[in-house]
Amino acid sequence: MNTNNIVILTGAGISAESGLKTFRAEDGLWENHPVEEVATPEGFARDPDLVQRFYDERRANILAAQPNPAHEALARLDASWDGELLLVTQNIDDLHERCGAKRVLHMHGEGLSVWCQSCDARHYWTGTLRDGPACPVCGEVAMRPDIVWFGEMPYEMERIFEAISRCDLFVSIGTSGAVYPAAGFVQEANRAGARTLELNLERSAGSHFFDETRLGPASELVPEWVGEVID
Ligand code: BV8
């Protein structure tokens, strides 16, 4: 079957070689709190300062990181692919965009975006929130990280399922398949009759759902795969 419409899902593993920690390798703790506890609305309500500091730290790390060959290869594919292509990322870093990828969808939000709970405005933000800055639109001190926490609905699910239902190739890169609904996308792709390919450092919780799994670092596997698709 020739490939026209591609959906790519990326996870923390694609940014690991850019120096950004993954979730499950770093024993998933933040100041001795499980990330699942920090990255929740309840955690934010319970201890807003802890959660603001967690994301202030992530924001600074994102700004200090550089894209790696895996991000660059996907940006090349995006620029040259004249079929449909949707790059769905679970990551909150902007490394896909920093090397020119355009058709990117952050289903779990973005580390460099903040969201005012008073007026609903969202702002590009490279500073901190722990010191309680006022919202540039309404002046209230009510901004939170624009991140989809556990128990919150990921962004643009309709658009994602629509793209998967039309795709003939689904590629998962650098994700453990531990978190839903992202971990279930491969099953949707199988139902849509797409070919499914996984590129990951190790086998994941979802490897058995894929037609093919290639094991290795993303900085090697992704440029190699993109070369196969473009040439
Ligand atoms: C929702 C933002 C409902 C935060 C994140 C029980 C069963 C099933 C589901 C659930 C359940 N209990 C609760 C749920 C739902 C829950 C869930 O799935 N929980 C899990 C823990 C069981 N999901 C949710 O809550 C989601 N929302 O369900 O809403 C709803 C319905 C109606 C109305 C309202 C709501 C929301 C989930 C989003 C949470 N936010 N991120 C932040 O970033 O701070 S999730 C977070 O972990 C990441 O964003 C990412 O999505 C996720 C998984 O991480 P990965 O990206 O996969 O990273 P990980 O470290 O796990 O793996 C890295 C992989 O890379 C590894 O495999 C490794 O081998 C590989 N790797 C490492 N180095 C490299 C590499 N690969 C290649 N090269 C390398 N160099």
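Data block above holds the structure.
A few points on the structure. (Residues numbered from 1 in each chain as written. Predicted model: local features only at pLDDT ≥ 70, side-chain atom pairs only at ≥ 80, totals over all residues. Heavy atoms only, no water.)

### Some words on the site of the ligand
Neighbouring residues of the ligand: 33 residues in total, closest Phe23, Arg24, Gly151, Thr175 and Ser176. Between the ligand and Val148, the relevant distance is 2.8 Å, taken from a nitrogen atom to a main-chain nitrogen or oxygen of the residue. The backbone of Tyr180 places a nitrogen or oxygen atom 2.7 Å from an oxygen atom of the ligand. Against a free-state accessible area of 1500 Å², the protein chains account for coverage of 75% of the ligand. Residue classes in the shell around the ligand are distributed as 17 nonpolar, 11 polar and 5 charged. (Near = heavy atom within 4 Å. Polar contact = N/O pair within 3.5 Å; in protein donor to acceptor, adjacent residues only side chain to side chain. Areas by Shrake-Rupley, 256 points an atom, 1.4 Å probe, with all protein chains shown as cover. Nonpolar A, V, L, I, M, F, W, Y, C, P; charged D, E, K, R; others polar.)

### Things to note about the packing of helix α4 (residues 69–80) against helix α8 (residues 218–230)
Interhelical geometry of α4 versus α8 gives an angle of 20° and a closest axis separation of 7 Å. With respect to their mutual orientation, α4 and α8 come out roughly parallel. Both α4 and α8 take part in a crossing whose hand is left-handed. Contacts between α4 and α8 involve Pro69, Ala70, Ala73, Leu74, Arg76, Leu77 and Ser80 from the first element and Ala218, Ser219, Val222, Pro223, Trp225, Val226, Val229 and Ile230 from the second. In the contact of α4 with α8, the residues fall into 12 nonpolar, 2 polar and 1 charged. (Axes fitted to C-alpha atoms, helices over the stretch in contact; angles between N-to-C directions. Helix = DSSP H or I, 4+ residues; strand = E, 2+ residues; numbered from the N terminus. Parallel < 35°, antiparallel > 145°, perpendicular 65-115°, else oblique. Left-handed = near helix turned anticlockwise from the far one by under 90°. Contact = heavy atoms within 4.5 Å.)

### Things to note about the pattern of salt bridges
Under the defined criterion, the tally for this structure stands at 14 salt bridges. Across the salt bridge formed by Asp94 and Arg98, the nearest N and O atoms sit 3.1 Å from each other. For Arg98, a relative accessible area of 34% gives the class partly exposed. Notably, a salt bridge pairs Arg122 with Asp146, separated by 3.1 Å at the nearest N-O pair. Of this pair, Arg122 sits in strand β7 (residues 122–124) while Asp146 sits in strand β8 (residues 143–147), placing them 24 residues apart in sequence. Salt bridges linked by common partners bring Asp56, Arg59 and Arg130 together as one network. (Salt bridge = Lys/Arg side-chain N within 4 Å of Asp/Glu carboxyl O. Buried < 20%, exposed > 50% of the residue type's maximum accessible area, 1.4 Å probe, protein only.)

### Quick notes on the sheet that holds β7
Reading across the sheet, the 3 strands line up as β7-β6-β8 and stay open at both edges, with antiparallel pairing between neighbours. On the outer flanks of this sheet lie β7 and β8, each paired with one strand and no other. Between one strand axis and the next, the sheet turns through 40° on average, direction left out of account. Relative to β7, strand β6 (residues 109–116) is paired through 3 bridges, and the arrangement is antiparallel. Within the sheet, the bridge partner assigned to Val114 lies in β7 and is His123. (Pairing = 2+ DSSP bridges.)

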